[in-house]
Amino acid sequence: MLPPDLAQKALKLLSEGNSFIITSHVNPEGDAIGSMLAMGLVLEGMGKQVSMVLQDPIPQIYHFLPACGRVKQPPIDAQQEASPNVQESFDTAVVVDCEGINRVGRRVVPLVQSASRLLVIDHHPAEAPFGDVEIRDPSAAAAGELVYLLLKQWNYPLTPEIAECLLTAVLVDTGGFRYSNTSPRALRVAAELVDLGANFTRVVTEIFENKPVSSIKLMGRALAGMKTTPDGLVAYSTLTKEDFDLAGAVDNETEGIVNQLLFASGAKASALFRETRDGIRVSLRSREGVDVNRVARAFGGGGHVRASGCTLNAPLAEAVNSVLAEIAKQTALSTAETPSNE
């Protein structure tokens, strides 16, 4: 249960708003997308004017979710039209699954800042508070878990569509209940969402078992090019623009590849480096002993202790060397901070 006074402050903030922007972090995945769509459907059910906006496109594997087709993107430059017609200002903003305002992306930040009220719902450790009301709990497995608990305290009647969005959020951020963040509460939330009409089998199939051929080809290229550091503690791979072209894939089809790299025996961390128009995007994953959130923050990114990301404005080889050096540094710090059993 969330603090009752905080839940009521959030409800009051939303009740007073009329025009809403709802958004999440760049390079969105299931928790960001599911939580945003759920909040969008809730606010529409409350009779509000809602715009759901993301800087980057939604990966194809999430297109089965309701209202996914209504998510908009701001223009990349002054010559490009927004898709379609993103309005310029709102009275209320809702940011989900995002630890800092800059993580929504430079083209979305001005839209969020146009609002006079801001609600944040997140499960990352905060860089610094940036909302008027913040529902933040790093012990939650997913932002979607917190959205559900909030709606439950409001006695909001969840539709099967909203429940399916939130189940997607929880499933993705727990890796199908395989990651160490899978808590008894997360499992109970998932069960309650299924009771409310979410189709568990469909969500699992769409997320984990229904990838575009181009995505699978891209994963093959990444795995074929996998390398490890001399000590075997880090498994990493790179994807160049040529790799994307040969696979016929785009950047948002890389989800899950960095997790596969971590399967390498002996690896404590994994990294996937991708050439994009925004720079070198880096996805990071780890096991106990390596805090990849610290690694990502060293380069202006962020995320979780075991899953984070960042973007570097540097040549690919330089980005690889810099990030691997930071992972080695954090691994050494973690070893030094671990109490000895002797």
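What counts, and where the lines are drawn
- Residues numbered from 1 in each chain as written.
- Predicted model: local features only at pLDDT ≥ 70, side-chain atom pairs only at ≥ 80, totals over all residues.
- Heavy atoms only, no water.
- Helix = DSSP H or I, 4+ residues; strand = E, 2+ residues; numbered from the N terminus.
- Rg over C-alpha atoms; globule rule 2.2 N^0.38 Å.
- Buried < 20%, exposed > 50% of the residue type's maximum accessible area, 1.4 Å probe, protein only.
- Contact = heavy atoms within 4.5 Å.
- Areas by Shrake-Rupley, 256 points an atom, 1.4 Å probe, with all protein chains shown as cover.
- Lys, Arg positive; Asp, Glu negative; His and termini not counted.
- Charge placed at Lys NZ, Arg CZ, Asp CG, Glu CD.
- Salt bridge = Lys/Arg side-chain N within 4 Å of Asp/Glu carboxyl O.
- 1 Å grid on protein atoms, 1.4 Å probe; cavity = no way out; pocket = protein on both sides within 12 Å on 5 of 7 lines; lining within 4 Å.
- Points joined across faces, edges and corners; volume = space filled by probe spheres on them.
- Nonpolar A, V, L, I, M, F, W, Y, C, P; charged D, E, K, R; others polar.
- Pairing = 2+ DSSP bridges.
- Core = buried A, V, L, I, M, F, W, Y, C linked by side-chain atoms within 4.5 Å.
- Expected span 1.5 Å × (residues − 1).
- Arc of directions from axis to C-beta.
- Polar contact = N/O pair within 3.5 Å; in protein donor to acceptor, adjacent residues only side chain to side chain.
- pLDDT = per-residue confidence, 0-100.

Student: Mind showing me how you'd approach the overall build of the protein here?
Tutor: What the protein contains, in helices and strands, is twelve helices and eleven strands. Taken over C-alpha atoms, the radius of gyration comes to 20 Å for the protein, in line with the 20 Å a tight globule of 342 residues would show. Projected onto its principal axes, the C-alpha positions of the protein cover 60 × 55 × 40 Å. Counting all 342 residues of the protein, 54% fall into the buried class. The long-range share in the protein, meaning contacts at least 24 apart out of those at least 6 apart in sequence, stands at 67%. For the protein, the exposed area adds up to about 15000 Å²; of that, 52% sits on carbon and sulfur atoms. Looking at charge distribution, the protein has the averaged site of its 30 positive side-chain charges lying 1 Å from that of its 40 negative ones.

Student: Got a minute to help me understand the pattern of salt bridges in this structure?
Tutor: If the charged atoms of two oppositely charged side chains come close together, the side chains can form a pair. One pass over the structure, following the stated rule, counts 16 salt bridges. Note that Glu 16 is salt-bridged to Lys 12, the shortest N-O span being 2.5 Å. Here Glu 16 and its partner Lys 12 are both found in helix α1 (residues 4-16), four residues apart, which amounts to about one turn of the helix. The closest approach of N and O atoms between Arg 274 and Asp 251, which form a salt bridge, is 2.9 Å. Placement of the pair is Arg 274 in strand β8 (residues 269-276) and Asp 251 in the loop between α9 (241-247) and α10 (257-261), with a sequence separation of 23 residues. Accessibility assignment for this pair places Arg 274 and Asp 251 in one class, buried.

Student: Which parts of the structure should I look at to understand the layout of surface pockets?
Tutor: A water-sized probe, rolled over the atoms, reveals where empty space remains. Its volume calculated, the second largest pocket comes out at about 460 Å³. Along the walls of the second largest pocket sit 16 residues, with Val 26, Asn 102, Gly 105, Gly 300 and Thr 311 positioned nearest its centre. Along the lines of polarity and charge, the residues of the lining of the second largest pocket split into three nonpolar, seven polar and six charged.

Student: How should I be thinking about the sheet that holds strand β7 (residues 234-239) in this particular structure?
Tutor: The pairing of strands in a sheet happens through backbone hydrogen bonds and is either parallel or antiparallel. Ordered in space as β6-β7-β8-β9-β11-β10, the six strands form an open sheet in which the pairing is mixed. Across the chains shown, the open sheet's two edge strands, defined by having one partner strand only, are β6 (227-228) and β10 (302-303). Taken together, the two bridges between β10 and strand β11 (residues 307-312) define a ladder with antiparallel strand orientation. Its bridge partner lying in β11, Gly 303 is registered against Ser 308.

Student: What is the right way to look at the nonpolar core in this model?
Tutor: Nonpolar side chains in soluble globular proteins tend to end up buried together. Ranked by size, the top nonpolar core spans 57 residues in total, and within it Leu 14, Leu 37, Val 94, Leu 119, Ile 121 and Leu 166 carry the most contacts. In contact with Leu 37, not counting residues within four places along its chain, are Met 52, Leu 65, Pro 66, Ala 67, Cys 68, Val 71 and Cys 165. Among the nonpolar cores identified, the runner-up in size contains 20 residues, and Ala 271, Leu 284, Val 290 and Cys 310 belong to it.

Student: Looking at this structure, I do not really get α1. What am I missing?
Tutor: Each α-helix turn comprises 3.6 residues. Residues three or four places apart therefore point the same way. With 13 residues, α1 extends 18 Å from end C-alpha to end C-alpha; this agrees with the ideal 18 Å at 1.5 Å per step. Within the sequence span of α1, burial applies to Ala 7, Ala 10, Leu 13 and Leu 14. Down the axis of α1, the buried set is contained in an arc of 125°. They therefore lie on one face. Along α1, the residues that are exposed and aim more than 90 degrees away from the buried face are Pro 4, Asp 5 and Lys 12. At its buried positions, α1 is contacted by β1 (19-23), α2 (30-45), β3 (92-96), β4 (117-122), β5 (133-136) and α4 (143-153).

Student: In this structure, what is going on with the environment of His 63? I would like to understand it.
Tutor: Topologically, His 63 is positioned in the loop between β2 (49-52) and β3. Between the C-alpha atom of His 63 and that of Glu 206, which follows or precedes it by 143 residues, the distance is 9.0 Å. Reaching out from His 63, the side chain makes a polar contact with the backbone oxygen of Ile 58 at a distance of 3.1 Å.

Student: Help me understand the side chain of Glu 253, please; the structure alone is not making it clear to me.
Tutor: Tracing the chain through its elements places Glu 253 in the loop between α9 and α10. For the buried Glu 253, which has no salt bridge, the nearest side chain bearing the opposite charge is Lys 211, at an N-O separation of 9.1 Å. Side chain to side chain, Glu 253 and Ser 214 meet in a polar contact 2.5 Å long. If we ignore the near neighbours within four places in the chain, the residues touching Glu 253 are Pro 212, Ser 214, Ser 215 and Leu 218.

Student: In this structure, what is going on with the environment of Gly 45? I would like to understand it.
Tutor: Relative to the elements of secondary structure, Gly 45 occurs in helix α2. For the pair Gly 45 and Val 258, spaced 213 residues apart in sequence, the C-alpha to C-alpha distance is 37 Å.

Student: Would you explain α2 in this entry?
Tutor: Between its first and last C-alpha, α2 extends 22 Å over 16 residues, near the 22 Å set by a 1.5 Å rise per residue. Counting buried residues along α2, 14 of its 16 residues qualify, which places the element largely inside the surrounding structure. N-capping of α2 is provided by Glu 29, with a side-chain oxygen placed 3.0 Å from the backbone N of Asp 31. Positive backbone phi, at 85°, marks Gly 47, one or two positions downstream of α2.

Student: Could you clarify how one ought to interpret the confidence of the model for the protein in this entry?
Tutor: Reading predicted coordinates in detail is not appropriate for stretches of low pLDDT. Overall, the predicted model of the protein reaches an average pLDDT of 92, with 94% of residues at or above 70. Low pLDDT (under 50) marks residues 78-83, which in the prediction has six contacts with non-local residues, meaning those over four places away or in another chain.

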